[in-house]
Every structure is written in structure tokens, then in C-alpha cells.
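A closer look at the structure
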Amino acid sequence: MFLRVSILIIGFLCTLLTYGQKPKTYTSSEIYQAVQKLNFLGTALYIAAHPDDENTQLISYLSNGVKARTAYLSITRGDGGQNLIGPELRELLGVLRTEELLAARTIDGGEQFFTRANDFGYSKHPDETLTIWNKNEVLSDVIWVIRNFKPDVIINRFDHRSPGTTHGHHTASAMLSMEAFDKANDKKQFSDQLKYTDTWQPQKLFFNTSWWFYGSQEKFEAADKSSMISVDVGTYYPNLGKSNNEIASLARSQHLSQGFGGLTFRGTDQDYLELLRGELGGTKIFDGINTRWTRVKGGEEIEKLLLPIEEHFNFANPAVHIPELLKAYKLIDNLEDDHWRTVKLKQIKKIIAACSGLFMETTTAIAAAVPGTQIQIQASLLNRSEVQMEFSKLTILPNNKEFKPGRTLGNNQLETFTIDYTIPQDSDYSNPYWLNKPSSLGMYEAAVLLRGKARTPAALPTVVTITIQGTPIEFNTAVVYKYAKPDKGERYQPFEILPQVTVNAADKVMVFADQQPKPLSLSISSATNNINATVTLKAPKGWKVTPNKQVAVIPNKGEVKTVTFNVIPSKNESTGKITPVVDINGKRYSKELNTINYQHIPNQSVLLDPSVKVVRSDIEIRGRRIAYVMGAGDAVPESLEQIGYQVDLIDAQNINAEVLENYDAVVIGIRAYNINKTLKFKQHLLFDFVKNGGNLIVQYNTVSRGTKGPLNIAPYLLELSRERVTDENAPVSFIDPKHPILHSPNKITAEDFEGWVQERGLYFADNWSKEFHPILAMSDPGESPKEGSLLVASYGKGYYIYTGLSFFRELPAGVSGAYKLLANMLSIGKQEKMNMNSLNN
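The following paragraphs examine the structure supplied in this document. Starting from 1, residues in each chain are numbered consecutively following that chain's sequence as written. Per-residue local features of the predicted model are confined to residues with pLDDT of at least 70, and side-chain atom pairs are confined, for both listing and counting, to 80 or more; whole-chain, interface and lining totals are unaffected and use all residues. Processing note: side-chain calculations cover all non-hydrogen atoms of the structure and skip hydrogens and water entirely.

**Looking at the overall build of the chain**
Filter applied, for reference: A run of H or I in DSSP becomes a helix once it reaches four residues, and a run of E becomes a strand once it reaches two; helices and strands are each numbered from the N terminus. Values of the radius of gyration come from C-alpha atoms, whereas the globule rule sets the reference at 2.2 Å times the count of residues to the power 0.38. Burial status follows relative accessibility: with a 1.4 Å probe on protein chains alone, a residue under 20% of its type maximum counts as buried, one over 50% as exposed, and anything between as partly exposed. Contacts were defined at the residue level, with two residues in contact if any of their heavy atoms lie within 4.5 Å. Computed with the Shrake-Rupley method and a 1.4 Å probe, the accessible areas treat only the protein chains shown as cover for residues. Positive: Lys, Arg. Negative: Asp, Glu. His and the chain ends are not part of the count. One atom stands in for each charge, and that atom is NZ of Lys, CZ of Arg, CG of Asp or CD of Glu.
Helix and strand counts for the chain come out as 20 helices and 45 strands. Its C-alpha atoms give the chain a radius of gyration of 30 Å, within 12% of the compact-globule value 28 Å for 841 residues. In terms of overall dimensions, the chain has C-alpha extents of about 90 × 75 × 55 Å along its principal axes. The buried share among the 841 residues of the chain stands at 57%. Taking the intrachain contacts of the chain between residues at least 6 apart in sequence as the baseline, contacts between residues at least 24 apart amount to 74%. Within the structure as shown, the chain displays about 34600 Å² of accessible surface, and the carbon and sulfur contribution to it stands at 48%. Separation between the mean location of the 90 positive side-chain charges and that of the 90 negative ones in the chain comes to 3 Å.

This is the structure we're talking about:
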């Protein structure tokens with residue numbers, strides 16, 4: 001029983017990275033590279049906190065240079081970051097960044113793992129991080145990955161000895177790695193895992209250090225390096241026609257949501273590894289570790305077969321090696337070492353298929369289907385060699401449905417096999433597995449056998465059995481959606497199993513500034529034909545919805561029907577949620593469908609709770625028309641419309657005096673000056689707008705270390721910093737309690753800072769001229785108060801405001817106090833009567 005379950009786990013952890021993508025074909029040089037990897041029995045695991053923390057140069061070097069099986073364990077999926085390329089935040093951003101990591105691994109040759117930790121945002125100390133994450137659970141996940149992946153070498157991206165000096169997640173990842181190294185081989189630690197796997201002891205643990213961790217290049221050069229080794233991560237690979245850092249640069253550029261698309265690096269570049277556990281054994285990473293076939297019982301005979309293939313590889317006709325590869329395949333299949341048997345079987349199968357030019361895919365002509373429906377699957381196979389082959393069997397794994405075509409695969413003769421298949425009624429919907437249950441601030445939930453996995457297994461996994469020269473070999477594939485677009489050509493994406501209907505609300509947050517009802521529109525999407533559904537809304541106490549129900553008749557699959565309800569808020573201030581429910585013949589559906597579609601990753605469908613947060617709060621506004629200059633992307637404009645503003649998105653290119661004179665205020669989106677190079681040339685126009693009586697609000701911009709942020713973003717001296725307050729519940733005090741921005745048109749009190757999410761704010765100002773008035777003071781525990789989160793300066797007839805407060809998170813979360821405060825910022829100077837003495841003091 002143990003062996004069988006262990007194989008299953010390893011198979012799950014080794015899911016193909018070509019998920020929903022065109023089947024990969026290999027050049028002779030790539031096949032030769034794969035043979036070299038087949039003959040290297042060493043494993044390395046790189047550990048850090050987030051997507052984009054990994055050193056792609058070292059991962060590529062280990063995979064392509066050393067030929068080691070290499071993986072990156074990211075403790076989180078990066079859910080708490082920002083997004084430079086679209087609107088996805090939180091859970092959806094975590095899905096996007098997961099796929100970006102997988103795209104990077106496809107390029108640099110690594111594999112990808114995760115824990116269940118939720119990226120809750122910036123943390124200043126690992127103690128806070130590990131408390132919110134639930135240290136014991138995350139540690140168990142790290143140990144789970146180590147016990148299944150079985151690395152000889154672990155490499156930490158960050159230093160475990162520097163708590164409080166950098167992001168708490170970073171330091172925590174290294175601390176977890178250190179503890180896991182010591183405990184992964186202890187049967188008393190997380191003994192429940194041993195029902196599925198076994199203990200494991202890595203032999204070396206390194207810290208991937210550099211001059212940056214020492215503060216300067218000079219300090220690093222003077223440091224004791226007796227416990228360090230260095231590797232040239234700029235080495236050139238003639239067989240691949242690329243330098244290692246060229247490959248790594250391309251991999252790193254997959255993190256487009258974080259703005260990491262960059263130039264390619266080439267040339268010698270030294271990386272340093274400081275030994276933390278184990279023995280150096282020499283000057284190379286795997287020195288002192290047996291990485292030959294002799295490390296496993298029965299490996300000597302395999303080595304005798306495979307080393308000659310590597311030494312005398314036939315680049316002109318790799319198929320000549322198949323007879324010897326088949327002999328090695330049989331020996332590997334009989335290994336007693338279950339771990340290496342599974343790993344090396346996967347590798348040698350790929351090599352055998354590549355040597356014969358074997359092309360195989362299982363496709364369908366539809367993108368998605370619902371449980372219980374029938375689809376048509378087409379298996380296409382092409383043997384591009386003289387090697388004798390037969391397409392023996394196709395197995396669809398969810399219910400082990402078998403089809404036996406028994407077709408000979410002649411040289412370059414395409415064989416297709418079409419079958420009708422009914423999707424089991426009890427099939428799970430396609431969805432990121434960690435989002436199937438409600439999460440806490442610090443942790444996601446997942447079944448044991450899914451932990452560590454990068455993705456949910458494919459909706460319809462398949463096994464294609466090919467008999468090659470009398471030897472049956474099973475190849476794991478999956479059904480994918482294959483189609484063509486006239487402007488893009490052939491395309492592949494994951495095939496998905498979805499609910500019969502999904503329901504998406506036009507607004508995820510509805511804010512009611514008074515008792516006037518508002519319409520709530522719902523889009524009902526059908527995944528089948530002939531839908532006749534009843535739609536209702538579950539409303540919180542004190543709220544009313546009319547009508548009580550709506551009927552949605554949808555004749556065709558893929559159509560969308562819109563129904564609209566009127567929501568009548570409660571008389572008093574309150575917060576709650578309204579949940580749409582769609583009923584079809586007594587079966588209730590309540591999921592919204594989110595699609596993530598970017599060129600650099602496969603399409604992703606994400607099913608989430610369709611509930612709408614509703615907020616009744618007495619909010620007054622002054623002025624009506626707002627111009628919004630979008631930065632990195634946020635939902636602030638839609639949120640402002642919720643409280644009665646007319647918001648127009650304007651491009652920086654189109655800013656001129658005639659355009660601006662139509663608005664009461666201009667709001668600059670997050671990181672706009674970082675990513676919009678045109679904006680700095682429009683400053684004089686924006687300042688003139690303020691001088692003539694308008695209000696200009698500039699939200700946070702990022703600051704590189706050692707700099708003071710974008711220059712000249714204000715009419716007076718204003719320098720930004722990397723200061724932030726990460727505790728969303730940190731006490732807030734009023735520096736000038738009489739300032740108009742705290743009184744009109746809404747009275748701001750301490751209660752308005754309750755219920756904030758993730759953080760108070762970031763990239764506060766730390767130096768400003770006397771014209772600026774700081775409004776708020778706040779700090780994380782144990783730190784001195786920071787006063788640069790909200791600065792107001794009169795300029796001419798209007799007002800310039802800089803804020804690092806995270807309105808881009810708070811407004812979409814329906815935080816009433818954030819709406820009130822931003823309304824006051826937009827309204828300042830628009831009041832009929834206001835005591836301005838506090839501004840003049």
C-alpha cells in the first residue's frame with residue numbers, strides 16, 4: 001500500500017508544466033541534454049517566500065548546467081502583491097503569479113512547489129509572519145515537499161539570521177527551511193505524513209548570499225569566504241545556443257505582473273553559496289554526493305547502457321538509441337528504489353518519445369463542459385521514425401475508461417482516434433484547489449495529497465499506451481482544448497469542467513451613501529443549452545431586494561442573460577453581503593466565473609463566491625466630476641462612482657488645460673509616475689489646474705532603495721520613502737484634529753479606521769516643505785509614529801494631496817471609513833463655509 005500511494009504523490013508533484021499548451025517537441029540537442037540529466041542522480045530545492053523571489057540564474061544553472069533535478073518551493077503564491085498588467089488582486093493575483101512561476105520554470109527547466117501559506121501583505125518581522133501563517137502548518141508543508149521531492153541540496157534565497165531587517169516573509173522562509181532540514185528525517189515530526197511518504201535527510205543546506213546582504217561590494221569582498229563556494233551562472237551552453245543567464249533572464253521576464261520584463265543578460269557572473277548545514281565536500285555544489293546510477297541498487301547495469309548513449313549520441317538520428325533505451329527502461333521499471341524509479345521512468349519515457357519524433361495529443365473542440373455531458377475526444381499520434389510502434393490503449397483516468405484502438409503507427413503516418421466520452425456526474429469543477437474552501441488571513445486549506453502542488457490536476461487526465469518494439473509504455477497526457485484563430489493561428493488551452501451556470505455581479509461592492517435604492521445587475525452565464533433558471537438574492541437583515549425572484553431563460557450554451565434587482569439599503573449604517581443563487585430544477589448554483597487571460601500564461605478559469613458586499617454609510621461629497629489617470633491598475637474609479645462621483649479615465653497623453661477645466665479634481669492612480677513616462681511632462685498642466693482651484697490627489701509611487709522617488713511630483717519639496725504601516729489595525733491619531741479634511745463634508749473619527757484590510761499604507765513621504773500639512777500619524781508595533789501617509793498643501797486656489805494610504809485595497813473591500821476620508825480629500829475647498837484657520841497657522 002505504501003509504495004503505491006508514494007508513487008501517486010510523486011506523480012502529482014511532477015505534473016507536466018505544458019498544462020493546456022501545445023505538446024513540446026525536442027531538437028537533437030535538447031534530447032542529448034535530457035540524456036545527460038537522465039544520467040545525473042542529484043536533486044536540488046531552492047526555497048524563498050514569493051513568486052519572483054527565486055534566483056532564476058541559479059535554478060537554470062542547476063538544471064541546465066549541473067543537470068540536477070531542480071525545483072523552487074515558493075512559500076506563498078504572491079496574493080498580497082500589486083499587479084502592473086491588469087485588475088487581478090488577492091486570490092486572482094495569486095493564480096496569475098502561480099502561472100507566471102510555472103511559465104518561468106518551463107523556460108529554466110525547474111519544477112515548482114508551494115505551501116498553503118497566504119501572502120497577507122508586507123510583514124516587518126518573521127515573528128508576525130509565522131503567527132499569521134500558522135508556523136506549524138507551513139512547516140509541515142515544507143517538510144512534506146522535502147520528503148516527497150527528496151533533495152540532496154537545499155538552497156535558501158534569504159538569510160535566517162537577520163529578523164527585522166527585511167520582509168518578514170523572506171526571513172521566515174529561510175527559518176522554515178532551516179528547521180525543516182533538521183526535522184524532515186525525524187519520524188516523530190508530522191508522523192501522519194508517513195502514511196503516504198517517508199522521511200528524508202538532505203545532505204547540504206546553503207544560503208544564496210551576495211554583496212547585497214553585506215551592505216556593499218567592498219564589505220562582501222572583505223568577508224570570510226571559507227564556507228562559501230561560487231559558481232559562474234553566466235556559463236555558455238553550446239548545445240542550447242544560449243548562455244545560462246540568457247535563459248534565466250527570459251524566465252525572470254515571465255513575472256510580468258510585477259514589472260519584471262527586462263533586458264537579457266550575458267557574460268560571466270558569479271553566484272555565491274554559504275554552507276549552513278552539512279559538509280562542503282569540495283568546490284562544487286554536489287561534491288561529496290554520489291550522483292551516479294551507482295547510488296541506487298541495480299543502477300550499475302543501467303549506467304552501462306546509458307553512458308555510451310551519452311558519450312556517442314547520434315545527433316543526426318537519435319532513433320538509433322531506442323533499443324538500448326528500451327533495455328534501460330525495463331531495468332529502471334524494476335528498481336527497488338521507488339523514488340528514483342518514478343523520477344527516472346518519467347525522464348526516460350520523454351527521451352524515448354523524443355528520439356522517435358513521437359507526437360501525441362488528446363484534444364477536444366470545446367473549451368469546457370459540465371458533469372454528465374458527452375464530449376468528443378480526438379487522440380492524434382504520429383511516429384516520425386522507422387521504429388515499430390502500436391497505439392495500444394487510451395485510458396481516461398477519472399473513471400478508468402479504456403479504449404483499445406490497436407493501430408500500427410507507421411513512419412510519418414498520422415493516426416487519429418475519436419471517441420465519445422461522458423463526463424462523470426460526480427466530477428469536480430476545474431478550479432485552483434486552494435480556493436475551493438474559505439481561507440484565513442494567513443492560510444489556505446487543501447487536502448493532503450494536493451499540498452505542495454502548483455496546480456489542480458487536469459480535468460481529464462489520460463494515459464496513452466504505446467507498444468514500442470514489443471515494450472508497452474504508458475505516457476501521461478491530458479485532454480486539452482485545441483482551436484485556431486485567424487489572427488493568431490493554432491492555440492491550446494486547458495479543458496475545464498464547469499458548473500451548469502455561473503453568476504457574476506456587475507459590482508462586487510455596493511456603497512449606499514443614503515437610503516436611495518440602487519440596481520444590482522447579475523450576468524447569468526450558461527455552460528449548456530436550454531437553461532430555465534430562477535434567480536434569487538439572499539440579503540442581510542434590514543436590507544430589501546425587489547423583485548423577490550427573476551427568471552433567466554437561456555437557450556444556447558455560452559449565452560449570457562442579465563437580470564436586475566433593486567437593492568434597498570437599511571435605514572441605519574450597516575455592512576453585510578448579498579448572495580445570488582441560481583436554481584435549476586431544484587439544484588442550486590452560487591459561483592462566479594473569473595477568467596484570467598494573458599498571452600504569457602494559459603487561460604485560467606477561477607470559481608469564487610459571487611457575494612456582493614453592501615455598505616450603508618452616511619457619506620457626503622462636494623464636487624461631482626473626477627478625472628482619473630490610471631497607474632498600475634486598480635478599482636478606485638468604480639468605487640468613487642459608487643458614492644455619486646462621475647469619474648472619467650483620461651490618458652496622460654491627453655492631459656491639457658481644456659480637458660482639465662471640466663473637472664473638480666484629478667486623481668493619479670497607484671504607481672502612475674513609475675510606469676507612465678509621459679506623466680512627468682504634464683506636471684505643469686496639473687499644477688496649473690490646482691492653482692486655478694482644482695484638487696490633485698497623488699496616490700503612492702514606489703521608491704527604489706537609496707532614492708527619494710519620482711522627482712517633481714508636487715509643487716513643493718516632497719520626498720518619498722519606503723516607509724509603510726503593515727498592521728491594518730494600527731492605531732491612527734490626528735496630528736491636526738481641526739483640519740478641514742477631517743471634518744467636511746464627513747466627520748472622521750477613529751471608528752473610520754476600523755475594518756481596514758492588509759495594511760494602512762505604503763511608500764509614505766518622509767521629507768516635505770512647510771507648505772504641507774501632515775494629517776495622520778500611525779505606526780506598526782514598536783516603531784515611532786509615521787506622519788507621511790497623508791499630506792495636504794494649498795497651492796493657489798486649490799489643493800495638492802499626496803497619500804500613501806492604501807485606498808486601492810480599502811475601497812474595493814467596502815471599507816466605509818476609507819470612502820469618507822477620500823470623499824473629504826476630493827471635497828476640500830469645495831465647501832461653502834469652512835474655518836480655514838488651521839491651514840494658515
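**Structural notes on the environment of Ser784**
Tracing the backbone shows Ser784 in the loop between strand 43 (776–778) and strand 44 (790–795). When the C-alpha positions of Ser784 and Pro555 are compared, they lie 63 Å apart, and in sequence the two are 229 residues distant. Aside from chain neighbours lying at most four places away, what touches Ser784 is Met778 and Ser779.

**Considerations on the pairing of strand 3 (residues 111–114)**
Using the following cut-off: The pairing criterion is simple: DSSP has to find at least two bridges between the two strands. We call a crossover right-handed when, viewed with the strands running away from us, the connection from the first strand over the helix to the second turns clockwise.
The two faces of strand 3 match: Glu111 and Phe113 on one face and Gln112 and Phe114 on the other face are all buried. Relative to strand 3, strand 2 (residues 69–74) runs parallel, the two sharing four bridges. Bridging across to strand 3, Tyr72 finds its partner in Gln112. For the crossover from strand 2 across helix 4 (residues 90–108) to strand 3, the handedness is right-handed.

**Quick look at helix 19 (residues 816–827)**
Basically, it comes down to this: Multiplying one less than the number of residues by 1.5 Å gives the expected span of a helix.
With twelve residues, helix 19 ought to run about 16 Å at 1.5 Å a step, and its terminal C-alpha atoms sit 17 Å apart, in line with that. Where burial is concerned, most of helix 19 is hidden: twelve out of the twelve residues are buried. Taken from the residues just after helix 19, Gly829 is the one with a positive phi, measuring 85 degrees.

**Notes on the sheet that holds strand 33 (residues 625–629)**
What counts here: Angles here are taken between N-to-C directions and fall from 0 to 180 degrees, while the axes themselves are lines fitted to C-alpha atoms, restricted in helices to the stretch in contact.
With mixed pairing, seven strands are arranged side by side in an open sheet as 34-33-35-36-45-44-42. Looking along the sheet, the strands with just one partner apiece sit at the ends: strand 34 (646–649) and strand 42 (773–774). Sheet strands in contact with helix 19 are strand 33, strand 35 (665–668), strand 36 (695–698), strand 44 and strand 45 (798–803), and its direction is about 135 degrees off that of strand 36.

**Side note on the nonpolar core**
Here is the rule we go by: Take the buried residues of types Ala, Val, Leu, Ile, Met, Phe, Trp, Tyr and Cys, join any two whose side-chain atoms come within 4.5 Å, and each joined set is a nonpolar core.
With 80 residues, the main nonpolar core has Ile668, Leu718, Leu776, Tyr800 and Tyr802 as its most contacted residues. For this core, the element with the most residues is helix 19, which contributes seven residues. The contacts of Ile668, once residues within four sequence positions are left out, are Val629, Tyr673, Leu679, Leu686, Leu696, Ile697, Val698 and Gln699.

**A few points about the sheet that holds strand 9 (residues 270–277)**
Spatial strand order, 3-2-1-4-5-9-6: seven strands in an open sheet with mixed pairing. Sheet topology places strand 3 and strand 6 (228–232) at the edges, where each strand pairs with a single neighbour. Neighbour-to-neighbour, the strand axes of this sheet turn through a mean angle of 30 degrees, independent of strand direction. Sheet strands touched by helix 6 (residues 135–149): strand 1 (43–48), strand 2, strand 3 and strand 4 (153–156). Its angle to strand 1, the strand with the most contacts, is close to 165 degrees.

**Overview of the environment of Ser744**
Looking at the element boundaries, Ser744 is found in the loop between strand 39 (732–734) and strand 40 (761–762). Considered as a pair, Ser744 and Arg622 are 122 residues apart in the sequence and their alpha carbons are 9.1 Å apart.

**Observations concerning unusual backbone geometry**
For residues that are not glycine, phi is negative in most cases, and the peptide bond is trans in most cases. Between Thr546 and the following residue, Pro547, the backbone shows a cis peptide bond with an omega angle of -10 degrees. Position of Pro547 relative to the elements: it lies in the loop between strand 25 (544–546) and strand 26 (549–554). Looking along the chain, the bond that leaves Ser744 and enters Pro745 is cis, with omega of 0 degrees. Topologically, Pro745 is positioned in the loop between strand 39 and strand 40.

**Topic: the packing of helix 6 against helix 7 (residues 168–183)**
Note the threshold: Should an angle fall under 35 degrees it is called roughly parallel, over 145 degrees roughly antiparallel, and 65 to 115 degrees roughly perpendicular, with every other angle called oblique. Note on convention: the crossing is left-handed when the near helix lies turned anticlockwise from the far helix by less than a right angle, right-handed when the turn is clockwise. Three categories are distinguished: nonpolar for Ala, Val, Leu, Ile, Met, Phe, Trp, Tyr, Cys and Pro, charged for Asp, Glu, Lys and Arg, and polar for the others, with Gly belonging to the last.
Running from N to C, helix 6 and helix 7 point in directions that differ by 60 degrees, and their axes come no closer than 9 Å. It follows from the interaxial angle that helix 6 and helix 7 lie oblique. Seen along the crossing, helix 6 lies across helix 7 with a hand that is right-handed. Residues Lys135, Val138, Leu139, Val142, Ile143, Ile146 and Arg147 of helix 6 pack against Leu176, Glu179, Ala180 and Lys183 of helix 7. Counted by class, the contact of helix 6 with helix 7 contains seven nonpolar, no polar and four charged residues.

Note that every value here comes from positions in space, so none of it alone points to a role or purpose.
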